[in-house]
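Structural characterization, general
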Amino acid sequence: MSQMPKGPESYFPSIEKKYGRPIADWQDLIRASPLTRHMELVAWLKAEHALGHGHANALVAHTLAEGGGK
């Protein structure tokens, strides 16, 4: 039986569906950004890419936790 994702990853299917881009694309954008702080990155995704707060926060949290942060 497959286990449901928990934490930030639980948002990934709805992010991909709503915004039409794979999670890897969003993570690449976050990693390439000159911004370094969590909330700066969240605000940037919201302002520049029209993501909702929860989706932006999930992407940033997961990317930074992977060691893909600054």
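Residues numbered from 1 in each chain as written. Predicted model: local features only at pLDDT ≥ 70, side-chain atom pairs only at ≥ 80, totals over all residues. Heavy atoms only, no water.

1. As for the overall build of the chain
Counting its regular elements, the chain contains four helices and zero strands. Element order for the chain, N to C, with α for helix and β for strand: α-α-α-α. Counting over 70 residues, the chain shows a buried share of 29%. Considering only intrachain contacts with a sequence separation of at least 6, the fraction spanning at least 24 residues in the chain is 50%. For the chain, the accessible area works out to roughly 4,400 Å², and carbon and sulfur atoms hold 55% of it. (Helix = DSSP H or I, 4+ residues; strand = E, 2+ residues; numbered from the N terminus. Buried < 20%, exposed > 50% of the residue type's maximum accessible area, 1.4 Å probe, protein only. Contact = heavy atoms within 4.5 Å. Areas by Shrake-Rupley, 256 points an atom, 1.4 Å probe, with all protein chains shown as cover.)

2. As for the environment of Ile-30
On the secondary structure map, Ile-30 appears in helix α2 (residues 23-32). Using a relative accessible area of 1% as the deciding quantity, one classes Ile-30 as buried.

3. Some details on the environment of Leu-59
Tracing the backbone through its elements, the reader meets Leu-59 in helix α4 (residues 53-68). Measuring from C-alpha to C-alpha, the distance between Leu-59 and Ile-15 comes to 9.0 Å, with 44 residues separating the pair along the chain. Leaving out residues up to four positions away in the same chain, Leu-59 has contacts with Phe-12, Ile-15, Ile-23, Trp-26, Ile-30, Leu-45 and Leu-51.

4. Things to note about the environment of His-49
With respect to the helices and strands, His-49 occurs in helix α3 (residues 38-49). C-alpha separation for the pair His-49 and Trp-26, spaced 23 residues apart in sequence, amounts to 9.9 Å. Beyond its immediate stretch of four places on either side in the chain, His-49 contacts Arg-21, Trp-26, Leu-29 and Trp-44.

5. Here we look at α3
With twelve residues, α3 extends 16 Å from end C-alpha to end C-alpha; this agrees with the ideal 16 Å at 1.5 Å per step. What α3 keeps buried is the set Leu-41, Val-42 and Leu-45. An end-on view of α3 places all buried positions within 105° of arc, on one side of the element. In α3, the exposed positions angled more than 90 degrees off the buried face are occupied by Ala-47 and Glu-48. Looking one or two places after α3, you find Ala-50, whose phi comes out positive at around 60°. (Expected span 1.5 Å × (residues − 1). Arc of directions from axis to C-beta.)

6. A few points about the side chain of His-55
Looking at where His-55 falls in the secondary structure, it is placed in helix α4. A polar contact of 3.4 Å, which involves the side chain of His-55, links it to the side chain of Ser-14. (Polar contact = N/O pair within 3.5 Å; in protein donor to acceptor, adjacent residues only side chain to side chain.)

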